[in-house]
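Structural characterization, general
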Amino acid sequence: MTKAPRTLTAILIAAALAAGAAAQTKPPATREMVLLCWQEFGELVPARIATVLVPFGSLEPHGVIPNGTDSLAPEAMARDIAARVDALIAPTLNYGMTEAMKAFPGAVSIPSDAYAPFAESVLDNLAANGFKNIIVLNGHGGNTAALNGAATKVANARRVRVLVINWWTLADDITKAVFKQNGGHAGNNETAYVQAFLPEFIHPERYKPEMATPNPAPSGAYYAVPVQSTILLYEKGQGYPTFDAGQAKEYFRKVNDRVAELILDTVKKWDLAGVYK
Ligand SMILES: [Zn+2]
C-alpha cells in the first residue's frame, strides 16, 4: 500500500468517526415528550437519554398571579434546564390536591385516593419506557406526601432512581438572599418566579397587603378550611410580593441553577454508588 491511500483511509475513518460522534451528541429535535413521535422517542430512550423531568402542579388560587402557578412554574423550570441535565420533559400534571383552597373561584382539587395512584402510574409508565432517572419537579406542597410515596414504590419496584424536588423549599436560602426576607405561598418568591416568564399575567393592580396572612405560628396552632387568604406568608411580616422585574429575573435564574445542580449531583452520586443502574 502506498503512503497516499493509507493517509486517505485514515482521513476517511476519522471523518466517519466524527460524523458518528456528531450524530450521538446532536441534541434531539425537541425535548418535549408530547411533541416526539414514537419512532423518535424509541431512538432516544434509553439509548441516548436516561433522564426525564416530570412537572406536577395544582389549579388553585395564588394571590394575584395565575391559578395554574404550581404547574406553570415547574414547566418553565423544566424547559429552562432540560438541555443542561440532558433530559426529556414529560407532560405536566396540571391538577393536584388542594382541599383547603377549593372554595376559591377556579380551583380544582383531586381527592388523594384518586391522585396518589394516578401519580404513581405516571412514574411507573415512565420507568417502563426506559428512563432510569425520573425527576419530579413538584410545584405544590399539597402533593408532596403522595409524590414521595409514589417515588418510593416505583423506584424499588422498577429498579429506577426517582428524585422529588420541592423547588420553593430547595430555594429557601435564595429567597432570603434575593428578597432579604422569607417567602410565602403566592408571596415574593412564587410571584417573582412566574413574573420572570409571564409578566402579563401578574396583577399588582389587584393586590393589597391585607390579602396576605402568616402561616399558623407555632406550626399547628390552628387549621382553617377554607384558608382565609391565598397569600400565606411563611413568617409573620415577611414574604409580601414585590412585583420587581429585576428580582424576578434574578430569582428565576438562581432557582433554576440550583435545581439543575441538585439533579446533576444526585445522578452523579447514584452512578457512583451503582444503585439501580
Ligand atoms: Zn403555589
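Quick look at the structure, then. Computed from a prediction, not measured in an experiment: that's the story for all the values here.

Re the overall build of the protein
A count of helices and strands for the protein gives nine helices and seven strands. The principal-axis extents of the C-alpha atoms in the protein amount to approximately 85 × 40 × 35 Å. Put simply, the protein has 277 residues, and 40% of those count as buried. Counting contacts in the protein only where the partners sit at least 6 residues apart, residues at least 24 apart contribute 76% of the total.

Focus on the sheet that holds strand β6 (residues 212-214)
Pairing is mixed across the open sheet formed by three strands, whose spatial order is β5-β7-β6. Of all the strands in the sheet, just β5 (184-185) and β6 have a single pairing partner and so form its edges. Relative to strand β7 (residues 231-233), β6 runs parallel, the two sharing three bridges. Bridge pairing links A212 to I231 in β7.

Observations concerning the environment of A29
For A29, the location among the structural elements is in the loop between α1 (3-25) and α2 (38-44). A29 sits eleven residues away from E40 along the chain, and the two C-alpha atoms are 9.0 Å apart.

Remarks on the sheet that holds strand β1 (residues 51-56)
With parallel pairing, the four strands of this open sheet are ordered in space as β2-β1-β3-β4. This sheet does not close on itself; its edge strands, each paired only once, are β2 (87-89) and β4 (161-166). Strand-to-strand twist in this sheet, taken as the mean axis angle between neighbours without regard to direction, amounts to 25 degrees. With six bridges connecting them, strand β3 (residues 133-138) and β4 associate as parallel partners. Residue V136 lies in a different strand from β4, and its bridge partner there is V164. Contacts from helix α5 (residues 144-158) reach β1, β3 and β4, with the element oriented near 170 degrees to β4. Packing against the sheet, helix α9 (residues 245-273) makes contact with β1, β3 and β4, and its axis sits at approximately 155 degrees to β4.

As for the packing of helix α3 (residues 69-81) against helix α8 (residues 188-195)
It is the contact of α3 with α8, at a shortest axis distance of 10 Å, that shows an interaxial angle of 60 degrees. The orientation of α3 with respect to α8, classified from their angle, is oblique. At the point where α3 passes α8, the crossing takes the left-handed sense. Contact residues: α3 offers T69, L72 and A73, while α8 offers E190, Y193 and V194. Residues that form the contact of α3 with α8 fall into these classes: four nonpolar, one polar and one charged.

Notes on α3
Counted at 1.5 Å a residue, the expected span for α3 with its 13 residues is 18 Å, and the 18 Å between its end C-alpha atoms agrees. Taken across its 13 residues, α3 has eleven buried, putting it largely inside the fold. Buried within α3 are the following residues: T69, D70, S71, L72, A73, P74, E75, A76, M77, A78 and I81. Against the buried residues of α3 lie β1, β2, β3, α6 (167-170), α8 and α9.

Looking at the packing of helix α4 (residues 112-128) against α5
Contact geometry of α4 with α5 gives a least axis separation of 9 Å together with a crossing angle of 35 degrees. Along this stretch, α4 crosses α5, giving a crossing that reads as right-handed. Note on element contacts: α5 touches α4 through A146, L147, G149, A150, A151, K153, V154 and R158, opposite S112, Y115, A116, A119, E120, L123, D124 and A127. When the residues that make up the contact of α4 with α5 are grouped by side-chain class, the tally is ten nonpolar, two polar and four charged.

Structural notes on the pairing of β3
On any regular strand, side chains alternate: one points to one face of the sheet, the next to the other face. Here β3 lies mainly inside the structure; six of its six residues are buried. Neither face of β3 is open: one carries N133, I135 and L137, the other I134, V136 and N138, and all of them are buried. Here β1 pairs with β3 via six bridges, running parallel. Looking at β3, one finds that V52 is bridged to I134. Tracing the backbone out of β3, into α5 and back to the parallel element β4 gives a crossover that is right-handed.

Each value, and the rule that gives it
Residues numbered from 1 in each chain as written. Predicted model: local features only at pLDDT ≥ 70, side-chain atom pairs only at ≥ 80, totals over all residues. Helix = DSSP H or I, 4+ residues; strand = E, 2+ residues; numbered from the N terminus. Buried ≥ 20, exposed ≤ 12 C-beta atoms within 10 Å, placed from the backbone. Contact = placed C-beta atoms within 7 Å. Pairing = 2+ DSSP bridges. Axes fitted to C-alpha atoms, helices over the stretch in contact; angles between N-to-C directions. Parallel < 35°, antiparallel > 145°, perpendicular 65-115°, else oblique. Left-handed = near helix turned anticlockwise from the far one by under 90°. Nonpolar A, V, L, I, M, F, W, Y, C, P; charged D, E, K, R; others polar. Expected span 1.5 Å × (residues − 1). Right-handed = clockwise from strand over helix to strand, strands pointing away.

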